[in-house]
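Here are the chains, one letter per residue:
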Amino acid sequence: MLSRLADSLYWMSRNIERAENNSRVLSGHLIHMVEVSDEGIADRDWGEILEICASKADYDQLYNRIDREAIIQYLMMSPLNINSSMNCMLYARENAKATRDIIPDDLWEVLNHFHLSQKDWQELPNTRQHTQEYLKEVIKTSMTAQGVIESTMSRGIPYTFIKVGKWLERAEKTARVLNVVCEKNRREAPHKTSNYYYWLKALHFLNGYDGYIKEHPPSMESKHVLNFMIKESTFPRSIRYCIDHVSDAIQNLESGKVSHYSEDLFQMLELVKEEIEQTSIEQMDMEELMKFLDHFQDRCQTVSRMFSETYYLIEPVHVR
Amino acid sequence: MLINYQTGTFFDEMIQSNGQPKNHYQWFYQLVEEFSEQELKEKHETAQLNFLRQGITFTVYNHTGGTERTMPFDFVPIIIPEEQWNKVEKGIKQRMEALNLFLEDIYHDQEIVEAGIIPRDLIENNPYYYHKQVGGVKIPLNNHIFLAGVDLIRDEHGDYRVLEDNLRNPSGMSYVFQNRYVMRQVYPELFYQHSIESLEHQLSELHNAVTSHVPLNADPDKKPTAVLLTPGMYNSAYYDHVFLAQQMGIELVEGRDLIVKDDVVYMKTIRGLKRVDIIYRRIDDDFLDPEAFRPDSALGVAGLLSAYKKGNVSILNGIGNGVADDKAMYVYVPEMIRFYLDEEPILPNVETYFLSDPEKLDYVLDHLDELVVKNVGASGGYDMLIGPQSTEEERVEFRRKIIEKPSQYIAQPTIKLSRAPAYQDGRFYPCHVDLRVFVMNGRYTNVLPGGLSRVALKEGSLVVNSSQGGGGKDTWILTEGGQSNA
């Protein structure tokens, strides 16, 4: 397969996943925010949402203060935010358009359908209800797209690039959300009740509530939640699950063989797996956990870069 | 169905001057009569949405950037009886053969110039004549025209005439297939009891035609690797490229996916470089290779021409075809047929005046309001004056342009383009149509049965180009004689 197409598939997938995750975070926050009355806390919460879904620094450059409506717009449909749901869906469609000859027609139609309705959404008045409906539409589009991929694509090279993109994006986002919540926890540790509430919210952000509650009814222990979202090997949004699957997928791609060009990538993936394996969440305090999560996010970027280099997704520098 | 439908002084594909449908449209007419007004409306909408949903669009560029638009689809098909089609097919094959011989000739011995049939100036001053780049080059099958899209019109007597040959990068073939696909989806009733030439095998015909152009130095033990080279997703015909690549099962590549090393072309894959043998390119000649043509081209591949000349890669359509399909050379095609084949042309041209001839120039300047004037280098309906529909200012403007550079323009009498009913906005009305016929040449010549019927949906308009509000229709070639119960 052409490197350019592999690159497009990889980014199509990452963008779909990013749009879904960001939309879920924003949607979840809009629901739970109702319960916060303190202005100062509310502002800080919004800052955290920005940190999870985009970059707070970028936002601060455009706006001089935390403004709820501005942030919602910024995360949802702002053309100025490369991580807004609208932009992610747009990039996903552009990438799908560039790979139309290899993706299923149905996948293209799902993304194209969203694109065609985008304009109508933009024209709707800016109400909470419309916002929620739009975010739901993004999430549903992503899920439908994944359904098409799973039910129609051969488990070959294009499929692998799509899945690797999705898992890496997901793992990184999970780490980001947990990181922000750990930070909050550390700061506000004394209040037991708010503690409960933060971890519940984290699970909602990561779509992990249903899965978690079946394992741990009906408690909300921070260590349990962290263990579940970091180390649970059967939950498809946990860090471990994502990294294991990236590793397996690349093993398959290389038919189990390590070649000179893929050696670095394999070694890195083994290292990351080991790091997750050896992390003992029970014995770590919030500070250490944050360090681990930060470190893991860096690892994700390294894996992403190595993956791109291994398959020539990044133009090599021309030396003449 | 056709209340108040006036054929006027035009040849109508479907309706006789007494208001009754022609024989080969009788059954279609009866079937449509059975649809209620509501059904017709709903089906029409479903059909249009189908194109949008599938993203079968072309991109129109204007001052605000590009917008994706669908080509409006009209469900009333152009039906052609078998006998009539056979003649068209024969005429087109004859024309292709002559044009290909012409291209081979002028890039080698130039016999037709030596014989005094075509003036040397006309060839050598042609901006698309790339003798410096490809003169004397031997190409696979000696075939320059792998795919042509010949535009046909019918005059007021119903006779087919060739309007343009399109030997460079004819687009629109995907629409032929999509029009048929949508027709079958939305109007299945129309297909139940009638035999229409199928399009099923046409894409494998196209694939065979591509892969028959094996370059001289290709590995004889391997199947050749063919690719379709597109300028990218922002090109107006990108959907066409996607569709053809997908259906033929060949890789759709951009210039940046290819690299030339030691005069061999490779594509960059996730496993490293892979050799490419055949390139069906949808990039114009002057953008193909910045080393040989325009140095500012970012779409092309440096070194491609040299690989081509060495026989390491085939390029389809051949480089330099533009000299044969421009509006000035068009006038000489009947002469080419006589010269190379010693036959009389089966399909006539439209009468054309060269404005470099002072006598003709005077005539044309005096009759601008009756004639169609075209820039010989333009396509897509741009830089064109349709006399009877023009304003005084437009004529003044064209007069100025013509006098400034007469050799840049040709003029033709305004042909009374045939018309056919179109159904839009809940009613049937007559619209002008033409027909683009696709011809594939490899080891043999294959004419796609039917083609893309283009329709000028704006009432009274003569411009069928999709960039200017034209639409498409399905085209049916009847088999088994095509009478009412065929």
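The structure presented is a predicted model; accordingly, all values stated were derived computationally and were not measured. The residue numbering used here restarts from 1 in each chain and proceeds along that chain's sequence as written. Chains carry letters from A onward and ligands carry numbers from 1 onward, assigned in written order. Given that the model is predicted, a residue must reach a pLDDT of at least 70 before its local features are reported, and side-chain atom pairs must reach 80 or more before they are shown or counted; all residues, however, enter totals for whole chains, interfaces and linings. Values reported for side chains reflect all heavy atoms of the structure, with hydrogen atoms and water molecules removed beforehand.

Asker: Please clarify how the overall build of chain A should be interpreted in this entry.
Answerer: A run of H or I in DSSP counts as a helix once it spans at least four residues, and a run of E counts as a strand once it spans at least two, with each numbered from the N terminus. Helix and strand counts for chain A come out as 14 helices and 0 strands. Starting at the N terminus and ending at the C terminus, chain A contains elements arranged as α-α-α-α-α-α-α-α-α-α-α-α-α-α. Just to be clear, the radius of gyration here is over C-alpha atoms, and the globule rule we use is 2.2 Å times residues to the power 0.38. What you see for chain A is a C-alpha radius of gyration of 20 Å, in line with the 20 Å of a compact globule of 320 residues. For chain A, the C-alpha atoms occupy an extent of roughly 60 × 50 × 45 Å along the three principal directions. Residue exposure (1.4 Å probe, protein chains only): buried if accessible area is under 20% of the type maximum, exposed if over 50%, otherwise partly exposed. Burial analysis of chain A (320 residues in total) assigns 56% to the buried set. A separation threshold of at least 6 residues defines the contact pool for chain A, and within that pool the share at least 24 residues apart is 66%. The protein chains shown are the only cover counted for residues, whose accessible areas, like all others here, come from Shrake-Rupley with a 1.4 Å probe. Taken as a whole, chain A presents about 14,400 Å² of accessible surface, with 51% of it coming from carbon and sulfur. With 37 positive and 49 negative side-chain charges, chain A shows a spacing of 2 Å between the two charge centroids. In this analysis, two residues are considered to be in contact whenever any of their non-hydrogen atoms come within 4.5 Å of each other. Residues counted as positive are Lys and Arg, residues counted as negative are Asp and Glu, and His and the chain ends are not counted. In this description, the location of a charge corresponds to atom NZ of lysine, CZ of arginine, CG of aspartate or CD of glutamate.

Asker: Would you mind showing me how to read unusual backbone geometry here?
Answerer: Residues apart from glycine generally show negative phi values, whereas peptide bonds are mostly found in trans. Residue and element names in this part refer to chain B. For the bond from Leu316 to Asn317, the omega torsion is -15°, close enough to zero to count as cis. On the secondary structure map, Asn317 appears in the loop between β12 (314-316) and α12 (322-325). At Asn142, a position not held by glycine, the phi torsion is positive, near 50°.

Asker: It is not clear to me how the interface of chain A and chain B should be interpreted in this structure. Could you clarify?
Answerer: The extent of an interface is frequently quoted as the accessible surface area lost upon association of the parts. With 28 residues of chain A in contact, the opposing surface of chain B contributes 25 residues. At the boundary of chain A with chain B, total buried surface from both sides reaches about 2,300 Å², with 47% on carbon and sulfur atoms. The salt bridge criterion pairs a side-chain nitrogen of Lys or Arg with a carboxyl oxygen of Asp or Glu, the two atoms within 4 Å. In this assembly, chain A and chain B are joined by 6 salt bridges. A salt bridge links Lys97 of chain A to Glu68 of chain B, with the shortest nitrogen-to-oxygen separation between them at 2.9 Å. What qualifies as a polar contact is a pair of N or O atoms within 3.5 Å, subject to a donor-acceptor requirement within protein and to the restriction that residues adjacent in sequence count only when both atoms come from side chains. Run the count over chain A and chain B and you get 20 residue pairs in polar contact (both at pLDDT 80 or more). Once two parts are brought into contact, the accessible area they lose, counted with a 1.4 Å probe and summed over both, makes up the buried area.

Asker: Honestly, the packing of helix α1 (residues 3-32) of chain A against helix α5 (residues 85-98) of chain A in this entry has me stumped. Any pointers?
Answerer: For any two helices packed against each other, one specifies the inter-axial angle together with the distance between the axes. Residue and element names in this part refer to chain A. Geometry is summarised by axes, namely lines fitted to C-alpha atoms with helices restricted to the contacting stretch, and by angles between N-to-C directions that run from 0 to 180 degrees. Contact pair α1 / α5: the axes reach a minimum separation of 8 Å and the direction vectors enclose 155°. The pairing of α1 with α5 is recorded here as roughly antiparallel in orientation. α1 and α5 meet at a crossing whose hand is left-handed. Contact with α1, carried on its side by Arg4, Leu5, Ser8, Trp11, Met12, Asn15, Ile16, Arg18, Ala19 and Ser23, involves Ser85, Cys88, Met89, Tyr91, Ala92, Asn95, Ala96 and Ala98 of α5 and no other residues of that element. Classification convention: Asp, Glu, Lys, Arg as charged; Ala, Val, Leu, Ile, Met, Phe, Trp, Tyr, Cys, Pro as nonpolar; all other residues, Gly among them, as polar. Of the residues that constitute the contact of α1 with α5, the class distribution is 11 nonpolar, 5 polar and 2 charged. Roughly parallel means an angle under 35 degrees; roughly antiparallel means over 145; roughly perpendicular covers 65 to 115; every other angle is labelled oblique. By convention the crossing between two helices is left-handed if the near helix lies anticlockwise of the far one by an angle smaller than a right angle, and right-handed if it lies clockwise.

Asker: Explain the domain arrangement of chain A here, please?
Answerer: All names here are of chain A. The domain boundaries assigned to chain A delineate domain 1 (1-153) and domain 2 (154-320). The gap between the C-alpha centroids of domain 1 and domain 2 is 20 Å. On the domain 2 side, the residues contacting the 35 residues of domain 1 number 33 residues. Where domain 1 abuts domain 2, roughly 3,200 Å² becomes buried across the two surfaces, and 54% of that area is made up of carbon and sulfur atoms. Ranking the residues of domain 1 by area buried against domain 2 places Tyr10, Ile52 and Met153 at the top, with a combined share of 22%. Run the count over domain 1 and domain 2 and you get 11 salt bridges. Close ionic contact of Arg14 with Glu172 constitutes a salt bridge, the shortest N to O distance being 3.0 Å. Across the domain 1-domain 2 interface, the total number found is 25 residue pairs in polar contact (both at pLDDT 80 or more). Mapped onto the side of domain 1 that touches domain 2, the elements with two or more residues apiece are α1, α2 (39-53) and α7 (128-152). For each domain, the first and last residues come from an automatic or database assignment.

Asker: Explain helix α13 (residues 263-278) of chain A here, please?
Answerer: Each turn of an α-helix holds 3.6 residues, which means side chains three or four residues apart point in the same direction. Residues and elements named next belong to chain A. Here the expected length of a helix is defined as 1.5 Å per residue gap, with one fewer gap than residues. The end-to-end C-alpha distance of α13, which contains 16 residues, comes to 22 Å, matching closely the 22 Å that a straight helix rising 1.5 Å per residue would cover. Every buried residue of α13 is listed here: Leu265, Phe266, Met268, Leu269, Val272 and Ile276. Buried residues in α13, looked at end-on, bunch into an arc of 165°, giving them a common side. Seen from the open side of α13, the exposed residues pointing more than 90 degrees away from its buried face are Gln267 and Gln278. Considering only its buried residues, α13 is in contact with α11 (222-231), α12 (239-253) and α14 (286-310). The directions from the helix axis to the C-beta atoms are what the arc is built from.

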